[in-house]
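Structural description and commentary
Read off the chains here:
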Amino acid sequence: MNINISTIATALDQAARHAEPLAQFSTHTPFSLAQAYEIQRVSMQRRYADGERSIGIKLGFTSRAKMQQMGVDSLIWGWLTDAMLEEDGGDVALSRYIHPRAEPEVCFLVGRAIDRPLTLLEAAEYIEAVAPAIEIIDSRYEAFKFSLEDVVADNCSSSGVVMGAWSRNLSGLDNAGVLMRLDGQLAQVGSTAAILGNPLRSVAEASKLVSEAGLSLPAGSLIMAGAATAAEALHPGVHVSVEVAGFGESAFTCR
Ligand code: OOG
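Each chain has its residues counted from 1, following the order in which its sequence is written. In keeping with the predicted nature of the model, local features appear solely for residues at pLDDT of at least 70, side-chain atom pairs appear and are counted solely at 80 or more, and the whole-chain, interface and lining totals rest on all residues. To obtain the side-chain values, all non-hydrogen atoms of the structure were used and water was disregarded.

1. Quick notes on the overall build of the chain
Looking only at helices and strands, one finds 6 helices and 12 strands in the chain. If one aligns the C-alpha atoms of the chain with their principal axes, the spans along those axes are about 50 × 45 × 35 Å. Residues counted as buried form 55% of the 255 residues belonging to the chain. The accessible surface values rely on the Shrake-Rupley method and a 1.4 Å probe; as for residues, cover is taken only from the protein chains in view. Surface summary for the chain: the accessible area is close to 10400 Å², and the carbon and sulfur share equals 50%. Asp and Glu count as negative and Lys and Arg as positive, but His and the ends of the chain are not part of the count. Taken as the charge location is NZ of Lys, CZ of Arg, CG of Asp or CD of Glu. Each charge class in the chain was averaged separately, 19 positive and 30 negative side chains, and the resulting centres sit 2 Å apart. Under the DSSP-based scheme used, a helix requires at least four consecutive residues in state H or I and a strand at least two consecutive residues in state E, with every element numbered from the N terminus. Relative accessibility thresholds used throughout: buried, under 20% of the residue-type maximum; exposed, over 50%; partly exposed, between the two (1.4 Å probe, protein chains only).

2. Brief notes about the site of the ligand
Inspection of the region around the ligand gives 17 residues, with Lys-58, Phe-61, Lys-66, Ser-157 and Ala-227 positioned closest. The term polar contact refers here to a pair of N or O atoms within 3.5 Å; inside protein, the definition further demands a hydrogen-donor-capable atom paired with an acceptor-capable atom, and it admits residues adjacent in sequence only when both atoms are side-chain atoms. Contact between the ligand and Lys-58: an oxygen atom at 2.9 Å from a side-chain N or O atom of the residue. Within the side chain of Ser-157, a nitrogen or oxygen atom sits 2.7 Å from an oxygen atom of the ligand. Protein burial of the ligand: of its 320 Å² of free accessible surface, 100% is covered by the chains. Charged means Asp, Glu, Lys or Arg here, nonpolar means Ala, Val, Leu, Ile, Met, Phe, Trp, Tyr, Cys or Pro, and polar covers whatever is left, Gly included. Taken together, the residues of the shell around the ligand break down into 9 nonpolar, 3 polar and 5 charged. Definition of nearness: a residue and a molecule or strand are near each other if at least one heavy atom of the residue lies within 4 Å of the molecule or strand.

3. Focus: unusual backbone geometry
Positive phi outside glycine occurs at Phe-61, with the angle close to 55°. If you trace the backbone, Phe-61 turns up in the loop between strand 1 (54–60) and helix 3 (64–70). According to the relative accessible area criterion, Phe-61 is buried, its value standing at 6%. Even without glycine at this site, Ser-157 takes up a positive phi of about 65°. By the secondary structure assignment, Ser-157 is in the loop between helix 5 (148–153) and strand 6 (158–163).

4. Topic: the pairing of strand 6
Across the 6 residues that make up strand 6, a large majority, 6, are buried. What makes two strands pair is DSSP finding at least two bridges between them. Pairing geometry for strand 5 (residues 127–137) and strand 6, over 5 bridges, is antiparallel. If you follow Ile-137 over to strand 6, its bridge partner there is Ser-158.

5. Observations concerning the UniProt feature "domain: Fumarylacetoacetase-like C-terminal" (unreviewed entry) in the chain
Under the UniProt annotation, the feature "domain: Fumarylacetoacetase-like C-terminal" (unreviewed entry) is placed at residues 89–251. Strand forms 35% of residues 89–251 and helix 15%; the C-alpha atoms that close the span are 5 Å apart. UniProt positions are given in the numbering used here, feature names are shortened, and annotations may be inferred rather than shown by experiment.

6. Remarks on helix 2 (residues 33–49)
Given the number of residues in a helix, its expected span is that number minus one, multiplied by 1.5 Å. Taking 1.5 Å of rise per residue, the 17 residues of helix 2 would be expected to cover 24 Å, and the 24 Å separating its terminal C-alpha atoms lies within 8% of that figure. Of all the positions in helix 2, only Gln-35, Ala-36, Ile-39, Gln-40, Val-42, Ser-43, Met-44 and Arg-47 are classed as buried. Of the surrounding secondary structure, the elements contacted by the buried residues of helix 2 are helix 1 (5–18), strand 2 (76–81) and helix 5. Within two residues after helix 2, Gly-51 carries a phi angle of roughly 105°, on the positive side. Here, two residues are considered to be in contact whenever any of their heavy atoms come within 4.5 Å of each other.

7. Details of the sheet that holds strand 8 (residues 185–191)
One open sheet accounts for 5 strands, arranged 3-12-11-7-8; its pairing is mixed. Only two strands of the sheet have a single neighbouring strand rather than two, namely strand 3 (91–92) and strand 8. With 2 bridges connecting them, strand 3 and strand 12 (residues 248–254) associate as parallel partners. Its bridge partner being in strand 12, Val-92 is matched across the sheet by Cys-254.

8. Some remarks on the nonpolar core
Core analysis: the largest hydrophobic core is formed by 45 residues, its most contacted members being Ile-57, Phe-108, Ile-223, Val-240 and Phe-252. For this core, the secondary structure elements donating two or more residues are strand 1, strand 2, strand 4 (101–110), strand 5, strand 7 (177–182), helix 6 (200–212), strand 11 (239–244) and strand 12. Among all residues touching Ile-57, those that are not within four sequence positions of it are Trp-77, Gly-78, Trp-79, Leu-80, Ala-206, Val-210, Leu-217, Leu-222, Ile-223 and Met-224. The definition of a nonpolar core used throughout is a set of buried Ala, Val, Leu, Ile, Met, Phe, Trp, Tyr and Cys residues joined through side-chain atoms within 4.5 Å.

9. Topic: helix 6
Taking 1.5 Å per residue, 13 residues should reach 18 Å; helix 6 reaches 19 Å between its end C-alpha atoms and fits that length. When we look at burial in helix 6, the residues that qualify are Leu-200, Ser-202, Val-203, Ala-204, Ala-206, Ser-207, Leu-209 and Val-210. Contacts made by the buried residues of helix 6 are with strand 1, strand 2, strand 4, helix 4 (120–125), strand 5 and strand 9 (222–224). At the C-terminal side of helix 6, Gly-214 shows a positive phi close to 75°.

Rendered as structure tokens:
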């Protein structure tokens, strides 16, 4: 299929910059998963050319709850940049998003460059610390509807990241309770075990994906492991908090 990678990459980049949704592409212009990652790469290059800096990667659809919510069933990955960082405990301006949703996650800090595929056991040795985190996803597609290829092209809906304090001790991370509250009311309850059985498996998966792409993750990179539960829509005034039992909390207020 002959598609114009650069045209789609530019449209997605513009949609993100102006917080204006667009129609999904795959319904009228089908493209392959490999082409979707190429669109993602070209779209990210536009951001880097404008001064944004890569700070790591995120994985998506690492839990059943998320696959079911979105009707997609393959693990995906995208890039995080410095422009996506929101302050823990701070205000998040919803005006820069289209229809943002929050997901409870954990974020890993890479301590040693990941430059080859790692096993689950090896993964822990490459991680310096872990933090409770909230990912703000914001599909650039109308009504948050997309195919696997569409969402990959759209950098996997990556938009915002809020991180709590780092813990160096990872023990208990394979099955820690996860609570997401909206205005103090429980909205989602789960466990880190919902993330591929153990969120460290996201690090092993990330190492494979990055290696397959011929890339590496330098020390200091972030890896967002993927949501432990379904996502919650955000609205002005709402206070969002995520607690990962034994690992602390991360929070923000929507403005
Ligand atoms: C795609 C991103 C999914 C996760 O953690 O599963 C994701 C989406 O649902 O828009 O980030």
